[in-house]
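One letter stands for each residue in the lines below.
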Amino acid sequence: MTARVNQHLTSAVEQFPGILRAPAEVEAVETTSSGRTYMRLKFRIWPGRGGPIETVFKQELLQALKAIDPTYQDWMISVSYEVEAQVRQRSLR
């Protein structure tokens, strides 16, 4: 499943390069205390440019995962927006 997700992540980067501020990446594959496994993908996008992620990428990924597991549901893929902490560099004047 991880290989399929990586394939779609790469495809989205190639298809929508103009929305990205930095390369997309698989940030983590984690398991919760209840045994549920999830994968966190990170797209660093320009503000207000999440439409292709919310629609095209999510639906393509859903169809790919359903090919592996027909019980996979739309609610199992969520898109959230978070602000990433940035380190500010001091300018030398």
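Provided above is the structure to which this section pertains.
Okay, so let's go over this structure. None of the values given here were measured: they were computed from a predicted structure. (Residues numbered from 1 in each chain as written. Predicted model: local features only at pLDDT ≥ 70, side-chain atom pairs only at ≥ 80, totals over all residues. Heavy atoms only, no water.)

Things to note about the side chain of Lys42
The line we're drawing: Segments assigned H or I by DSSP are reported as helices when at least four residues long, segments assigned E as strands when at least two residues long, and all are numbered from the N terminus. Identification of polar contacts relies on pairs of N or O atoms within 3.5 Å, with a donor-acceptor requirement for protein atoms, meaning one able to donate a hydrogen and the other able to accept it, and with residues adjacent in sequence counted only if both atoms are side-chain atoms. It only takes one pair of heavy atoms within 4.5 Å for two residues to be counted as in contact.
Within the secondary structure, Lys42 sits in strand E2 (residues 37-42). Within the local environment of Lys42, its side chain forms a polar contact with the side chain of Glu27, the two groups lying 2.7 Å apart. Apart from the residues within four sequence positions on either side, Lys42 is in contact with Pro23, Ala24, Glu25, Glu27 and Glu84.

Quick word on the packing of helix H1 (residues 2-15) against helix H2 (residues 51-68)
Applied cut-off: Fitted lines through C-alpha atoms serve as axes, helices being fitted only where they are in contact, and the angles separating the N-to-C directions of these axes extend from 0 to 180 degrees. Reported orientations rely on four angle classes, namely roughly parallel under 35 degrees, roughly antiparallel over 145, roughly perpendicular from 65 to 115, and oblique for the rest. The sense of a crossing depends on the near helix, which, turned anticlockwise from the far helix by less than a right angle, makes the crossing left-handed and, turned clockwise, makes it right-handed.
Between H1 and H2, the shortest axis-to-axis distance is 10 Å and the interhelical angle comes to 155 degrees. On the basis of the axis angle, H1 is roughly antiparallel to H2. The two elements H1 and H2 meet at a crossing, and its hand is right-handed. Together, Arg4, Val5, His8, Leu9, Ala12 and Gln15 of H1 and Val56, Phe57, Glu60, Leu61, Ala64, Leu65, Ala67 and Ile68 of H2 make up the contact between the two elements.

Brief notes about H1
Defined as follows: Expected helix span is given by 1.5 Å per residue-to-residue step, counting one fewer step than there are residues. Each residue is assigned to one of three classes by its accessible area relative to the maximum for its type, calculated with a 1.4 Å probe on protein chains only: buried under 20%, partly exposed between the two thresholds, exposed over 50%. Directions are taken from the helix axis to each C-beta atom, and the arc is the one they span.
Relative to the 20 Å expected for 14 residues at 1.5 Å per residue, H1 spans 20 Å between its end C-alpha atoms, a close match to the ideal helical length. Along H1, the residues that are buried comprise Val5, His8, Leu9 and Ala12. Buried positions in H1, seen along its axis, are confined to an arc of 105 degrees and lie on one side of it. Within H1, the exposed residues directed more than 90 degrees away from the buried face are Ala3, Gln7 and Glu14. The secondary structure elements touched by the buried residues of H1 are strand E1 (25-31), E2 and H2.

A look at the environment of Arg4
Take Arg4: it is sitting in helix H1. On the accessibility criterion, Arg4 (31% relative accessible area) is partly exposed. When the C-alpha positions of Arg4 and Leu61 are compared, they lie 8.4 Å apart, and in sequence the two are 57 residues distant. Beyond its immediate sequence surroundings of up to four residues, Arg4 is in contact with Ala64, Ala67 and Ile68.

Regarding the pattern of salt bridges
Note the threshold: Any Lys or Arg side-chain nitrogen found within 4 Å of a carboxyl oxygen on Asp or Glu counts as a salt bridge.
Scanning all chains against the criterion turns up four salt bridges. Of the charged contacts, one joins Asp74 and Lys58 as a salt bridge, the two residues approaching to 3.7 Å between their closest N and O atoms. Of the two residues, Asp74 is situated in the segment after H2 and Lys58 in helix H2; the sequence distance between them amounts to 16 residues. The exposure class assigned to Lys58 is buried, which follows from its relative accessible area of 14%. A cluster of three or more residues bridged by salt bridges with shared partners is formed by Glu27, Arg40 and Lys42.

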